[in-house]
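Per-entry structural report
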Amino acid sequence: MSTQLTLESRTAQGKKLKALRAAGQIPSVVYGGTEPALGASAYNATEKVLLEAGYHSPVELLIAGKPQLAIVKNISVDPVSRRIMNVEFQAISADEVVEATTPIRVVNFDASDAAKFHYVIMPVLEEIDVKAKPSDLPEELTIDGSKLASTEDKLTIADLVLPKGVELADKELEVTTVIANVYDPVAEAAARDAEDQKAADGTAEAPATEATPAEKAE
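Attention in this report is confined to the structure presented alongside it. Model, not experiment: these values are computed from the prediction.

1. Looking at the pattern of salt bridges
Taken as a whole and judged by the stated rule, the model has four salt bridges. The partner of R105 in a salt bridge is E140, with the nearest N and O atoms 2.8 Å apart. With R105 in strand β7 (residues 98-107) and E140 in the loop between β9 (127-132) and β10 (141-144), this residue pair connects regions lying 35 residues apart in the sequence. Residue classification places E140 among the partly exposed positions, given a relative accessible area of 33%. Across the salt bridge formed by D113 and K116, the nearest N and O atoms sit 3.8 Å from each other. With D113 and K116 both in helix α3 (residues 113-116) and three residues apart, this pair spans about one turn of that helix. For K116, a relative accessible area of 59% puts it in the exposed group.

See the structure below:
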């Protein structure tokens, strides 16, 4: 089920957008029609929808009262305040296969032998682009980590089970591409300490620099 967001048509552009944002509105653009549609929506409502939909779930936009299915294409955020500055949507149809970026989450790691040894799972690939009809787009993809046992083990694309109607957008992505590794935090810390100690010992054993002739004369 898609999330709904009401957009009001806007004419403000450029420097006039500052006043729009000050009034608690977020400017947006909807692509996919004959021309980009300019809109604006309430900040809190927009933020809530973006948190729910992300880049992976369809949003039902109400533009001047007319429904339009869309997915989030881009979100511009102020680097200092972290407030949303602008949103770009891509209009889609219910029967159209679209691409979306979907989060990947490792599940059942706590039940693995690796977890019993107090090893830690380290994500390498946390999201991936998929293709599906809007109604089939998953909120996330899960990958089973219950069989991980040692620091030699890893999860790859080959371990990823896609839901019905969903496929990877990148057909050339290698099945050996790593999604998550297993590592031993105790061993890693010990290795770092050993390196630091080695560096400290090397500094302590470094021979003194011979004085120059001028320094000897003094």
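2. Some remarks on the packing of aromatic side chains
The full count for this structure, using the stated rule, is one aromatic pair. Relative to Y119, the ring of F117 lies with its centre 5.7 Å away and its plane at 45 degrees, an arrangement referred to as tilted. We note K73 situated over the ring of Y31; from NZ or CZ to the ring centre the distance is 4.7 Å. It is R83 that lies over the ring of Y43; its NZ or CZ is 3.9 Å from the centre.

3. Here's the deal with a negative patch on the surface
Residues E99, E126, E127, D129, D170, E172 and E174 make up a contiguous surface patch of negative charge. With respect to the secondary-structure elements, E172 resides in the loop between β12 (167-168) and β13 (178-183). Residue classification places E172 among the exposed residues on the basis of a relative accessible area of 71%.

Conventions adopted
- Residues numbered from 1 in each chain as written.
- Predicted model: local features only at pLDDT ≥ 70, side-chain atom pairs only at ≥ 80, totals over all residues.
- Heavy atoms only, no water.
- Salt bridge = Lys/Arg side-chain N within 4 Å of Asp/Glu carboxyl O.
- Helix = DSSP H or I, 4+ residues; strand = E, 2+ residues; numbered from the N terminus.
- Buried < 20%, exposed > 50% of the residue type's maximum accessible area, 1.4 Å probe, protein only.
- Phe/Tyr/Trp six-rings, centres within 6.5 Å; stacked < 30°, edge-to-face > 60°.
- Lys NZ or Arg CZ within 6 Å of the ring centre and 35° of its normal.
- Patch = residues over 30% accessible without salt bridge, like charges linked within 9 Å, V, L, I, M, F, W, Y side chains within 5 Å.
- Areas by Shrake-Rupley, 256 points an atom, 1.4 Å probe, with all protein chains shown as cover.
- Lys, Arg positive; Asp, Glu negative; His and termini not counted.
- Charge placed at Lys NZ, Arg CZ, Asp CG, Glu CD.

Honestly, that's just the spatial picture; any functional story needs more than this.
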